[in-house]
Amino acid sequence: MSFLKDKLSIFTKTELPFIKRYQESDRVYTFLFEKDKDLSWNEGQHGLFTITHKKMKDSIRPFSVASSPSEGVVRITTKIDEEPSEFKKALLELEEGMRIKMIGPVGSFYLKDETPRLFMAGGIGITPFRAILKQLEAEGNRGGKPSELLYVDSQEAHLYKDELDELARDTSIDVHYLSTRNDMYSYIDEFITSHNNNAQYFVSGPKSMTNYLKEKHISKRKIKKDAFRGVE
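Residues numbered from 1 in each chain as written. Predicted model: local features only at pLDDT ≥ 70, side-chain atom pairs only at ≥ 80, totals over all residues. Heavy atoms only, no water.

All right, on to the packing of aromatic side chains then. For any pair of aromatic rings, the description consists of the separation of the ring centres together with the inter-plane angle of the planes. Tallied over the entire structure, the rule returns 11 aromatic pairs. Taken together, a centroid distance of 6.4 Å and an interplanar angle of 55° make the contact between tyrosine 151 and tyrosine 177 tilted. One end of the pair, tyrosine 151, is in strand β8 (residues 147-152); the other, tyrosine 177, is in strand β9 (residues 174-178), and 26 residues separate them in sequence. Grouped by ring-pair contacts, the aromatic residues Phe109, Phe119, Phe129 and Phe202 constitute a single cluster. Positioned over the ring face of tyrosine 160 is arginine 130, at 5.8 Å from the centre of the ring. (Phe/Tyr/Trp six-rings, centres within 6.5 Å; stacked < 30°, edge-to-face > 60°. Helix = DSSP H or I, 4+ residues; strand = E, 2+ residues; numbered from the N terminus. Lys NZ or Arg CZ within 6 Å of the ring centre and 35° of its normal.)

Rendered as structure tokens:
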């Protein structure tokens, strides 16, 4: 039934009033929108967002929802370069009260059981995991199963770091801030030794992360990949 619900949600459209934006780090911005009372999603899902105040050729973009339903807002975080796309220019033009449309939620990248979990994020791929950790915090860590977050950022910017540290304390989830994939692989090896196929592996990052798990003979059904890939 959850699979059918995920598919049908593509037909759900919601208007979201803009609240505010702020800069997370160099070239990375967060945008907050009011949550409609009837809108809900599973932590880790994404939406298809449509700009309505400006006509453009490609007015729809997918973004992970970086907030949990318990927060009462829809949050998206994205990189915006010095020469942004027309869509991202329009995002920066949003003023309080202006509306965008969200189609969805979409995707199956969310928690469905209480097995131990290894979360693997690369760069901006941290956004769905912020939502997951916020929901775990709201639900009291959902059984308290052993969970770890491996967050690789070669620039060592590590978005949401202060917030993630606080969430780690509240949920007993170990968060590791890494700068190279080789560092990540060492932690993966340790986790596999402890849990092997009795765990779930969530990947939001380069394909090499998934490939490494497969090389370690982790069952495909134990690996959940964030199918969403950000675009300009």
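Checked against the element boundaries, glutamate 96 lands in the loop between α2 (86-92) and β6 (99-106). In the structure, glutamate 96 is positioned 12 residues away from serine 108 in sequence and 31 Å away in space, judged by C-alpha atoms. Ignoring sequence-local partners within four residues, the contact set of glutamate 96 consists of Phe18 and Ile19. (Contact = heavy atoms within 4.5 Å.)

One open sheet accounts for 6 strands, arranged β4-β3-β6-β1-β2-β5; its pairing is antiparallel. If you trace the sheet from one side to the other, it starts and ends with β4 (60-64) and β5 (73-79), each paired once. Direction aside, the axes of adjacent strands within the sheet are offset by 40° on average. Bridge count for strand β3 (residues 46-51) against β6 is 5 bridges, and the pairing is antiparallel. Each residue of the ladder has a partner; that of isoleucine 51, found in β6, is isoleucine 100. (Pairing = 2+ DSSP bridges. Axes fitted to C-alpha atoms, helices over the stretch in contact; angles between N-to-C directions.)

Turning next to the sheet that holds β9. With respect to topology, 5 strands assemble into an open sheet ordered β9-β8-β7-β10-β11, the strand pairing being parallel. Only two strands of the sheet have a single partner each, and these edge strands are β9 and β11 (223-225). With direction set aside, neighbouring strand axes in the sheet form an average angle of 15°. Strand direction decides the pairing type here: strand β10 (residues 200-204) and β11, joined by 3 bridges, are parallel. Bridging from a neighbouring strand, phenylalanine 202 pairs with lysine 224 of β11.

This paragraph deals with the pairing of β5. The buried fraction of β5 amounts to 6 of the 7 residues, a majority that puts the element mostly inside the structure. Across 7 bridges, strand β2 (residues 28-34) lies against β5 in antiparallel orientation. Among the inter-strand pairings, tyrosine 29 is bridged to a residue of β5, identified as threonine 78. (Buried < 20%, exposed > 50% of the residue type's maximum accessible area, 1.4 Å probe, protein only.)

This brings us to the pattern of salt bridges. Throughout the structure, instances matching the rule amount to 9 salt bridges. Between arginine 27 and aspartate 81 there is a salt bridge, with the nearest N and O atoms lying 3.2 Å from each other. Remark: aspartate 81 occurs in the loop between β5 and α2 and arginine 27 occurs in the loop between β1 (13-25) and β2; sequence separation between them is 54 residues. Lysine 37 serves as the salt-bridge partner of aspartate 38, at 3.4 Å between the closest nitrogen and oxygen. Using a relative accessible area of 73% as the deciding quantity, one classes lysine 37 as exposed. A network of salt bridges, in which partner residues are shared, links Glu71, Arg130 and Glu163. (Salt bridge = Lys/Arg side-chain N within 4 Å of Asp/Glu carboxyl O.)

Function-wise, these values are silent; they only describe arrangement.
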